[in-house]
Structure formats: C-alpha cells, structure tokens
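# Observations on the three-dimensional arrangement
So you can see what is in the structure, the chains are spelled out below.
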Amino acid sequence: MNQVEKRFGEVRALDHISMEIRKGSIYGLVGSNGAGKSTLLRLIAGVYAPDGGKVLVEGKEIFENPEMKQKVFFVSDEPYFIGQYTLHNMADFYCRFYPNFNLSLYQELCELFHLPADKKIATYSKGMKRQSAFLLGMSTMPDYLLLDECFDGLDPVKRQVVRKVLSDAMADRQMTAVISSHNLRELDEICDTVGILHKGDLLYSKQLDDLRGEVHKIQVVFASDLSKEQLSQTVSLMSYQAVGRFLTLIVKGNLAEIEEKLNPLRPLALEALPLTLEEVFLYEMEVKGYDANVIFH
C-alpha cells in the first residue's frame, strides 16, 4: 500500500497511507471510531477503489481483480448473511465463489463453535453471527483474512477458540491476517505486528518484538534523591513517577545499556518489569504528543 487516499465526499477517511504487511503475519490494526480501520480493510479486500495511490496484494491491484479476490476473505464488523439462509446454505453459497472452500474444515469448525448449522442465521445472537462469519471465512482457505472487530461480542472461551484457529492456520499454511480492534489487550497475545490509525493517518507500525525490546518499565530506589530532569540527562525517559525515593520509570532503549547508565547513580534496588502492549503504545503516543485515551477508547 503506497500513498493511499480514500475520500467520502468532503471527508478524507485515509490520508496518504503507506504500509507493508508481511506475508504470514498477524497484523493488528488499532484506532478509535472513525480512525479509518474499516475503510483500510475494505481497500485491502478490493471492496473500495482508492482515490489516490495503490493497494497491491502480491504485487497486483486488488480492486476489480476476481482472481486475487478468491485469495482474500473480509469479515465485516456487521457480517452480512442472505435472508432466511442457514449456515449450511451460506457454505453452499461460498462454495460457488471460492474454489478452495474446505468442507471438512467447515464441518470441523461448526462442531468446534457448537453452532446449529441447520437453523436460520437470522435467529442467531450477535456473537453467533460473528462466529459464523469467521468460520465461513476460514473455510474458504484464504491466503489473506481480514477481520473487523472479530472479537466483539464473543465470550472468553470463544475468543480463545478464534485465537487458536488463527494460530493453527498461520502455522499450517502461512495465512496472513489483518485484525482491527479498539483494544490492544485483545491483540497482545496473537499479533506479531501492530499499527495505529488516527484520523486517517498511520501513526505507528512496528513488530511487537521490536516494541517490547525498546521500551522498559524500571522500578528503582536510589541512595540519594534524583529529579526527573537529572534522570532525563542520563537515560531516554518517557515517564517518571515518584513515591518518596521509590521511582517507576518508563525508559526507551536497550535494557542492558539503560542499567549500565543507571549504575553510577548508585541504585539500592533496581528491577525491570514487563510492559503490556497497551502500555507500550500509550507511552509511545504520549511522547509523540497524542492523547492516547482518545486513540484507544
């Protein structure tokens, strides 16, 4: 995706977005309502045509490309099903358009999710409809699966099932998944790369291992009082909280180098604690001057 724009009348939903999603990765797309997440997914799926720039899948433009679209499945935040159809009817319908539709996998997933496949989908709950859309999408054996708020409305057990099915597909056939969500906690355990959209701009896109390796929470007690300003001259300080001499620091950089720089300040006790993905991004966004609460909620 290179310098992609998408407008709806006077509203610019996406503003010169450039990004690359590695094949075989699970990419988490985060942002507030109206950030452009759903628009971006629809562009990747070939539902929308960009108003500027190019959206390429395997080096080919996806819009109005039926051959490439057979490799992509998009699960909307409001899944659509044909009126009066059962889950079995929908499976028969998708068999006509996706030549790789796997009936054995479909049956396996119906049993795994405990869905009444011979009942009309219109009678399903919101969570059951999301599960249905997900299992139908997985059954098409897509190379690229796009999920818009796929965990919304699912109980903890079903969320775990979805994560396992995705992980298995990644391990077995290098499927690529892009998952949009408001909540980084949902993406922390499954994604290997995360990007943040805000008001049509891509603020951040990084692999999680890189993120976790460069931001650290350090709890430390020094022999003498040290101000925030003094510590800022020693390490790349992102956040500073003090309760007496007990300090909680969020520091950017290599952990070994950070500890080496702090040792001359005579710490009486020092411990590095793991940060959640949400915490990492909150601190990163604050440093960049954005109100993280607006972006994530």
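Before any of the text, the structure's been laid out above.
Values in this document were obtained by computation on a predicted structure and should not be read as measured data.

### Some details on the overall build of the chain
Counting its regular elements, the chain contains 12 helices and 15 strands. With the principal axes as the frame, the chain shows a C-alpha extent of 70 × 40 × 30 Å. Buried positions account for 47% of the 297 residues belonging to the chain. When contacts within the chain are restricted to residue pairs at least 6 apart in sequence, long-range pairs at least 24 apart make up 68% of them. For the chain, the accessible surface area stands at approximately 14800 Å², while carbon and sulfur atoms represent 47% of it.

### A closer look at unusual backbone geometry
With a phi angle near 70°, Gln-84 is a residue other than glycine that sits in the positive phi range. Note that Gln-84 resides in the loop between strand E7 (72–75) and helix H3 (87–95). Here His-114, not a glycine, exhibits a phi torsion of approximately 55°, which is positive. When you line up the elements, His-114 lands in the loop between helix H4 (103–113) and helix H5 (126–139). Judged by relative accessible area, His-114 falls into the exposed class, the value being 65%.

### A look at helix H1 (residues 37–45)
Burial analysis of H1 places 8 of its 9 residues in the buried class, which makes it a mostly covered element. Of the positions making up H1, those classed as buried are Lys-37, Thr-39, Leu-40, Leu-41, Arg-42, Leu-43, Ile-44 and Ala-45. Of the residues one or two after H1, Gly-46 is the one with positive phi, at around 85°.

### Re the pairing of strand E11 (residues 201–207)
Where a strand is regular, its side chains alternate between the two sheet faces. Taken together, the 6 bridges between strand E10 (residues 193–198) and E11 define a ladder with antiparallel strand orientation. Across the sheet, Leu-197 pairs through a bridge with Leu-202, a residue of E11. The hairpin formed by E10 and E11 contains 2 residues between the paired strands, and Lys-199 there has a positive phi angle of roughly 55°.

### Quick word on the side chain of Lys-6
Mapped onto the elements of the fold, Lys-6 is located in strand E1 (residues 2–8). A polar contact is formed between the side chain of Lys-6 and the backbone oxygen of Ala-49, at a distance of 2.9 Å.

What counts and what doesn't
Residues numbered from 1 in each chain as written. Predicted model: local features only at pLDDT ≥ 70, side-chain atom pairs only at ≥ 80, totals over all residues. Heavy atoms only, no water. Helix = DSSP H or I, 4+ residues; strand = E, 2+ residues; numbered from the N terminus. Buried < 20%, exposed > 50% of the residue type's maximum accessible area, 1.4 Å probe, protein only. Contact = heavy atoms within 4.5 Å. Areas by Shrake-Rupley, 256 points an atom, 1.4 Å probe, with all protein chains shown as cover. Pairing = 2+ DSSP bridges. Polar contact = N/O pair within 3.5 Å; in protein donor to acceptor, adjacent residues only side chain to side chain.

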